[in-house]
Amino acid sequence: MIKDQLQAWFKQGTLTIPTYLLTHYKIMGLNEQELVLLLQLQNFTEKGNSFPTPSQLSEVMTFQESECLFLIQSLIQKGCIGIEVEKSQEFGNEKYTLEPLYEKMLTSFLLTLKKEEALEAQQSSESLYTIVEQEFGRPLSPFECETLAMWIDDGHEPDIIKAALREAVISGKINFRYIDRILFEWKKNGIKTLEQVRKQTQKFRAYQKRDRTQEQTSSVVKDIPFYNWLEQ
């Protein structure tokens, strides 16, 4: 008995609802009543009725026919649904289309994504300013703030600027001119990721170590007195 009831229930089908629509309908300028009406239109369409009447919508909702008609008109004005004409052999059949809703969702999604990226960039920049000030042990001057902003505008990612700052600290040369030189060299060599920075710094330190070894060897050689075997 229960199995038959479950099968009958499953035969009713399911309705796929975009998560973005449920979580961002307010941003898209929709209210709860309009959202439910959109879902009802989708449900009717998937069951073969692409142009339900206000009366049919009212039967499955808590609204009167006039309220359903008002909601439909509101959704059309907001660019969430459209009406198309399907031409048959003798006459045209009207139907609702949710294509405008999908386009509106995509536009809203891209706008939201752009705002989130801008917010992340702003937070990253603010964090960058704080880190630089901490390393310098003082507030940045207006000129230094402009220089930092110029680096960002020039395409240097905040993580790369932080890496350049770290290199300046390791080298004991904490000044903007030295950091700017590091960024210039990295950009000239096409270094854009932290992994590339790591490899470049390892190579640079290996060169430094080799040069110091050569200098020490040269110094030792100079300190050894010259012995002329011909005088013996």
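Rules used throughout
- Per chain, the residues get numbers from 1 upward, laid out in the order the sequence is written.
- In keeping with the model being predicted, local features are shown solely for residues with a pLDDT of at least 70 and side-chain atom pairs are shown and tallied solely at 80 or more, while totals for entire chains, interfaces and linings include all residues.
- Note: side-chain values were computed over all heavy atoms of the structure, leaving out hydrogens and water.
- Secondary structure elements follow DSSP: runs of H or I of four or more residues count as helices, runs of E of two or more count as strands, with numbering from the N terminus.
- For every residue, the accessible area (1.4 Å probe, protein chains only) is compared with the maximum for its type, and the residue is labelled buried under 20%, exposed over 50%, or partly exposed between those bounds.
- Between two residues, a contact is recorded if the distance between any of their heavy atoms is within 4.5 Å.
- The Shrake-Rupley method, run with a 1.4 Å probe sphere, supplies the accessible areas, and residue values consider only the shown protein chains as cover.
- Note on ring pairs: Phe, Tyr and Trp rings are taken, using the six-membered ring of Trp, and paired if centres are within 6.5 Å. Classes follow the plane angle, with under 30 degrees stacked, over 60 edge-to-face and the rest tilted.
- Here a polar contact is recorded for every N or O atom pair within 3.5 Å, except that within protein the pair must consist of a potential hydrogen donor and a potential acceptor, and residues adjacent in sequence are included only if both atoms are side-chain atoms.

Topic: the overall build of the protein
Piece 1. Check the secondary structure of the protein and you find 10 helices and two strands.
Piece 2. In the protein, the order of α-helices and β-strands from amino to carboxyl end is α-α-α-α-α-β-β-α-α-α-α-α.
Piece 3. The buried share among the 232 residues of the protein stands at 27%.
Piece 4. The contacts of the protein with a sequence gap of at least 6 include a subset with a gap of at least 24, amounting to 49%.
Piece 5. Counting every atom, the protein has about 16900 Å² of accessible surface; 55% of that belongs to carbon and sulfur.

Remarks on the side chain of Lys-162
Piece 1. Relative to the helices and strands, Lys-162 is located in helix H8 (residues 158–171).
Piece 2. Here Lys-162 is in contact with Ser-127, Leu-128 and Ile-131, once residues within four sequence places are set aside.

Notes on the packing of aromatic side chains
Here the distance between the centres and the angle between the planes together describe a pair of aromatic rings.
Piece 1. The tally for this structure, following the rule as stated, stands at four aromatic pairs.
Piece 2. Taking 5.8 Å as the distance between ring centres and 85° as the angle between the ring planes, the aromatic pair formed by Tyr-20 and Phe-109 counts as edge-to-face. Of the two residues, Tyr-20 sits in helix H2 (residues 19–24) while Phe-109 sits in helix H6 (residues 99–136), which places them 89 residues apart along the sequence.
Piece 3. Residue class for Tyr-20 comes out buried when judged on its relative accessible area of 15%.
Piece 4. Taking the centre distance of 5.2 Å and the plane angle of 55° together, the rings of Phe-136 and Phe-176 count as tilted.

Here's the deal with the environment of Gln-56
Piece 1. Turning to its location among the elements, Gln-56 is positioned in helix H4 (residues 54–59).
Piece 2. The class of Gln-56 is partly exposed, set by a relative accessible area of 30%.
Piece 3. Between the alpha carbons of Gln-56 and Cys-68 there is a distance of 9.5 Å; along the sequence they are 12 residues apart.
Piece 4. Setting aside residues no more than four positions away along its own chain, Gln-56 makes contact with Phe-44, Asn-49 and Phe-51.
Piece 5. Of the polar contacts made by the side chain of Gln-56, one reaches the side chain of Asn-49; its length is 3.2 Å.
Piece 6. In this structure the side chain of Gln-56 is engaged in a polar contact, spanning 2.9 Å, whose partner is the backbone nitrogen of Thr-53.

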